[in-house]
Amino acid sequence: MHPAPSLIAFSLLSGLGFGLLAMLGLGIAAPEGLVGTVFWGLGLGLSGSALLASAFHLGHPERALKAFSQWRSSWLSREAWLASAAMAVFALHAGLITFAGWRIAPLGWLGALLALGTVGATAMIYAQLRTVPRWHHWSTPALFIGHALAGGSLLAGKTVLAGILLIALGAGQLAAWWLGDRLFARSGTSITRATGLGVPDGIRLWEAPHTGQNYLTREMVFVIARKHVAKLRVIAAVFGYAAPAVLLLLPSVDHAIAAVAVLCHIFGAAVSRWLFFAEAEHVVGLYYGRGR
Amino acid sequence: MTDLPPALQVKLGLVIDLDTCVGCHACVIACKGWNTQGDAGPLADADAYGKAPEGAFLNRVHSFELTPETGPAQIVHFPKSCLHCETAPCVTVCPTGASYKRVEDGIVLVNETDCIGCGLCAWACPYGAREMDPVEKVMKKCTLCVDRIYNETLPEVDRVPACVRTCPAGARHFGDLGDPDSAVSQLVAERGGYDLMPDQETGPVNKYLPPRPRDAEIDILAPFLEPVAEEPRGFMAWLDRTLERI
Ligand code: SF4
Ligand code: SF4
């Protein structure tokens, strides 16, 4: 699939934002005073700007409100509801804490639930697609939520928790890469099943339907060289998970080290999210001579 | 709502005969023509006269080469458009309700004034049957020519999808696949019509008829074409020898 920068930025930032909000809502991090205000602002700002970015990715952003109508069947619609609900609950919760000094814990828990629900719904938009076998697996929501929790605790300054979560997340990501490489073959969809013709070695695309590109080939038939995949995976694993975990679990972590860990993680996670899209093969590629 | 309708009685769709399709792309052009001029049009192109022309099409013809273990290779032309699936994944993913499946005949349509152009339905379709209009930024797909098939201002012969009407090889058939007695259903039963990508569990209404096995002996003319003399004679032989010597 085409790794659209807007989608990578949106899913990454909203994950971080909602992860941070969840940490604050659960009371795992409870910064006071001005610092608290800054944290709430950061969480709401990250998730809010990510949602705006995603709306502008649409062909018709002016019709975005219509996307709330189909929550019964559509994960994208559910995501819109959950995100708005989470933002509303957290805005209220943060407002009460900052301006009235009231910390109503259950309100924070509700917000945390909605925030993680939002991240889960985002992931389900991908995981529901049987057409992309690499995504069509429970590991997709698990990893998205894992990124939100690890990234959120990292931003919230919970160094030990973040270190442990990053190690678990890194292990999960390695397993998902290993597994993902096998899911297309396991899905049963192949060129012979796609066309109903021939035997796997005895069929090839002789002539494509068009000489140039089209919407489908640009969106869904994205290919990256395998040798780059291996390198990018190493970069993602080292920067995204291993290095920040090591930094955070150092005996003493000051602000500078924490900042480096945050930057490392965001860079690595962005590479990992880029791979999430770029490596995902859509079954329509079979009609364009990709895979068997 | 983008919930799917319950099991339908009438299932309008196409039956595509891979044995007869000659790969002329006439259906592609007829489809583009009708849908760019019709009610839902235009069906836009980007950079149509430039270096990298590209446009939205609702029907495309792929061609595959089959190499059986024995016998000669064979080319199969493979037209592909929306299969109006019974459990259409493109419909249920749509957040706005723009994508829907009609209860009365099972046609899958996009209500363009509701479409936000998120593209998710195109991701959900395994067959590549949906394309974003590069100018209008809304999703386009085969309508089964819903603006022809019920159109009483057209002569009866034209009340079929444009691709079916135009196909010079008669490789495209239109009808009700929900009625076991219809001509299309009979054709499917007779010729072993099949579904594309059954593993995707989309329940496509459109069916494909397999190419018939080719005759083993295809060299009909060879016996009449005895090889001519390999060695030149007479004047040609002299010329040959002379030229060799120079
Ligand atoms: S062929 Fe694709 S666009 Fe058409 S109904 Fe099936 S899934 Fe939807
Ligand atoms: S592109 Fe339009 S029709 Fe397709 S899912 Fe999005 S809103 Fe629905």
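Per-chain numbering applies: the sequence of each chain, read as written, is numbered from 1 onward. By the order in which they are written, chains take letters starting at A while ligands take numbers starting at 1. In view of the model being predicted, local features appear only for residues whose pLDDT reaches at least 70, and side-chain atom pairs are presented and counted only at 80 or more, with totals across whole chains, interfaces and linings using the full set of residues. Hydrogen atoms and water are omitted, and side-chain values are computed over all heavy atoms in the structure.

The name that an unreviewed UniProt entry assigns to chain B is Iron-sulfur cluster protein, with the source organism given as Profundibacterium mesophilum KAUST100406-0324.

The name given to chain A in an unreviewed UniProt entry is Dimethylsulfoxide reductase, and the organism recorded there is Profundibacterium mesophilum KAUST100406-0324.

Draft legend 1. Here's a closer look at the overall build of chain B. Secondary structure assignment for chain B yields seven helices and 11 strands. C-alpha atoms define the radius of gyration, and 2.2 Å times the number of residues to the power 0.38 defines the globule rule. Over its C-alpha atoms chain B spans a radius of gyration of 24 Å, topping by over 25% the 18 Å that the globule rule assigns to 246 residues. On the principal axes, the C-alpha backbone points of chain B span a range of 85 × 50 × 40 Å. Accessible area is worked out with a 1.4 Å probe on protein chains only. A residue is then buried under 20% of its type maximum, exposed over 50%, and partly exposed in between. The burial tally for chain B puts 51% of its 246 residues in the buried class. Every accessible area reported is derived by Shrake-Rupley at a probe size of 1.4 Å, with residue values counting cover from the shown protein chains alone. Put simply, chain B shows about 12,100 Å² of open surface, and 57% of that area lies on carbon and sulfur atoms. Secondary structure elements are taken from DSSP: a helix is a run of H or I of four residues or more, a strand is a run of E of two residues or more, and numbering for both begins at the N terminus.

Draft legend 2. Summary view of the sheet that holds strand β11 (residues 207-209) of chain B. Residue and element names in this part refer to chain B. Ordered by their spatial adjacency, three strands build an open sheet running β10-β1-β11, and the pairing between neighbours is mixed. Looking at strand neighbours, the two that pair on one side only are β10 (172-176) and β11, the edges of this open sheet. Sheet twist, expressed as the mean angle between neighbouring strand axes with direction ignored, is 25°. Strands are labelled as partners when DSSP assigns at least two bridges between them. Note that strand β1 (residues 12-17) and β11 share three bridges and pair parallel. Directly across from V15, in β11, lies its bridge partner K207. The angle between two axes is taken between their N-to-C directions and runs from 0 to 180 degrees, where each axis is a line fitted to C-alpha atoms and a helix contributes only its stretch in contact.

Draft legend 3. Up close: the sheet that holds strand β5 (residues 74-81) of chain B. Read across the open sheet, the three strands follow the order β1(A)-β4(B)-β5(B); overall the sheet is antiparallel. For this open sheet the edge positions go to β1 (203-207) of chain A together with β5 of chain B, each flanked by a neighbour on one side alone. Within the sheet, the average angular offset between the axes of one strand and its neighbour, ignoring direction, is 40°.

Draft legend 4. Broad picture of the site of ligand 1. Near ligand 1 lie 14 residues; those nearest to it are C82, L83, C85, C90 and C125 of chain B. Class assignment for the residues of the shell around ligand 1 results in 11 nonpolar, one polar and two charged. The rule for a residue being near a molecule or strand is that one of its heavy atoms must lie within 4 Å of it. The residue classification treats Ala, Val, Leu, Ile, Met, Phe, Trp, Tyr, Cys and Pro as nonpolar and Asp, Glu, Lys and Arg as charged. All others, Gly included, are polar.

Draft legend 5. Local environment of the environment of T96 of chain B. Along the chain, T96 of chain B falls in the loop between α2 (89-92) and β6 (99-101). Of the residues examined, T96 of chain B reaches a relative accessible area of 6% and is grouped as buried. A sequence separation of 19 residues divides T96 of chain B from C115 of chain B, and the C-alpha atoms of the two residues are 6.7 Å apart. A contact between two residues is defined here by any heavy atoms of the two lying within 4.5 Å. For T96 of chain B, the contacting residues outside a window of four places in its chain are K66, A67, S69 and Q70 of chain A together with D114, C115 and I116 of chain B.

Draft legend 6. Local environment of the interface of chain B and chain A. If you look at the interface, chain B gives 56 residues, while chain A gives 57 residues. Carbon and sulfur atoms supply 58% of the area that chain B and chain A bury against each other, a total of about 4,700 Å² over both sides. Within this document, salt bridges are pairs made up of a side-chain nitrogen of Lys or Arg and a carboxyl oxygen of Asp or Glu, the two lying within 4 Å of each other. Applying the counting rule to chain B against chain A returns five salt bridges. The salt bridge partner of R193 of chain A is D199 of chain B, with a shortest N-O separation of 3.1 Å. When two parts are brought into contact, each loses some accessible area as probed by a 1.4 Å sphere; the total of that loss over both is the buried area.

Draft legend 7. Local environment of the packing of aromatic side chains. Each Phe, Tyr or Trp ring (for Trp, its six-membered ring) is paired with any other whose centre lies within 6.5 Å, and the angle between the two planes then decides the class: stacked below 30 degrees, edge-to-face above 60, tilted in between. Evaluation of the coordinates by the stated rule reveals 17 aromatic pairs over all chains. Consider the rings of W135 of chain A and F276 of chain A, whose centres lie 5.0 Å apart with planes at 15°: the pair is stacked. Of the two residues, W135 of chain A is situated in the loop between α4 (105-127) and α5 (139-155) and F276 of chain A in helix α10 (residues 255-278); the sequence distance between them amounts to 141 residues. A relative accessible area of 0% places W135 of chain A in the buried class. According to the relative accessible area criterion, F276 of chain A is buried, its value standing at 17%. When the centroid spacing of 5.2 Å and the interplanar angle of 15° are considered together, the rings of F78 of chain B and Y208 of chain B count as stacked. One end of the pair, F78 of chain B, is in strand β5; the other, Y208 of chain B, is in strand β11, and 130 residues separate them in sequence. Residue F78 of chain B is classed as buried on the basis of its relative accessible area of 0%. Among the aromatic residues, ring-to-ring pairing joins Y126, W135, F144, F276 and F277 of chain A together with W123 of chain B into one connected group. By definition here, charges over rings are those cases where NZ of Lys or CZ of Arg is within 6 Å of the ring centre and within 35 degrees of the ring normal. The ring of F144 of chain A carries the charged tip of R273 of chain A above its face, separated from the ring centre by 4.0 Å.

Draft legend 8. Main features of the confidence of the model for chain B. All names here are of chain B. Per-residue confidence from the predictor is reported as pLDDT, a score between 0 and 100. On average, residues of chain B score 91 in pLDDT, and 97% of them are at 70 or above. Per-element confidence in chain B is highest for β1, whose mean pLDDT is 98, and lowest for helix α7 (residues 234-245), whose mean pLDDT is 84. Listed scores for the predicted complex are pTM 0.90 and ipTM 0.93.

Draft legend 9. The arrangement of the site of ligand 2 in detail. What surrounds ligand 2 is the set C94, P95, T96, A98, S99, V110, C115, I116, G117, C118, G119 and C121 of chain B. Classifying every residue of the shell around ligand 2 gives eight nonpolar, four polar and no charged.

Draft legend 10. Main features of the packing of helix α1 (residues 5-26) of chain A against helix α2 (residues 33-56) of chain A. Residue and element names in this part refer to chain A. Interaxial distance between α1 and α2 falls to 8 Å at its minimum, and their mutual angle equals 150°. When the axes of α1 and α2 are compared, the pair comes out roughly antiparallel. The two elements α1 and α2 cross, and the hand of that crossing is left-handed. Only F39, W40, L42, G43, L44, L46, S47, A50, L51 and S54 of α2 make contact with α1, whose side of the interface consists of F10, L13, S14, L16, G17, F18, L20, L21, L24 and G25. An angle below 35 degrees is read as roughly parallel, one above 145 as roughly antiparallel, one from 65 to 115 as roughly perpendicular, and any other as oblique. Take the far helix as your reference; a near helix turned counterclockwise from it by less than a right angle gives a left-handed crossing, and one turned clockwise gives a right-handed crossing.

Draft legend 11. Representation of unusual backbone geometry in the model. Residue and element names in this part refer to chain B. Unlike most non-glycine residues, M197 shows phi in positive territory, near 45°. With relative accessibility at 0%, the residue M197 sits in the buried group. You will see that E201, though not glycine, has its phi angle at about 50°, which is positive. Structurally, the position occupied by E201 is in the loop between α6 (183-191) and β11. Judged by its relative accessible area of 54%, E201 is exposed.

Draft legend 12. Looking closely at a nonpolar patch on the surface. Residues and elements named next belong to chain A. Nonpolar side chains (Val, Leu, Ile, Met, Phe, Trp, Tyr) are joined into patches within 5 Å and like charges within 9 Å, using only residues with over 30% relative accessible area and no salt bridge. On the surface, a cluster of nonpolar side chains totalling about 410 Å² of accessible area is made up of V234, I235, V238, F239 and F267. It is helix α9 (residues 226-248) that contributes the most residues to the nonpolar patch, four residues altogether. Tracing the sequence through the fold places V238 in helix α9.

Draft legend 13. Summary view of the pattern of salt bridges. This model, assessed by the stated rule, comprises 23 salt bridges over all chains. Between D133 of chain B and K140 of chain B there is a salt bridge, and its shortest N-O distance comes to 3.1 Å. For K140 of chain B, a relative accessible area of 4% translates into the label buried. The partner of E136 of chain B in a salt bridge is K140 of chain B, and the shortest N-O contact between them spans 3.1 Å. A network of salt bridges, in which partner residues are shared, links R134, D181, R233, E279 and E281 of chain A.

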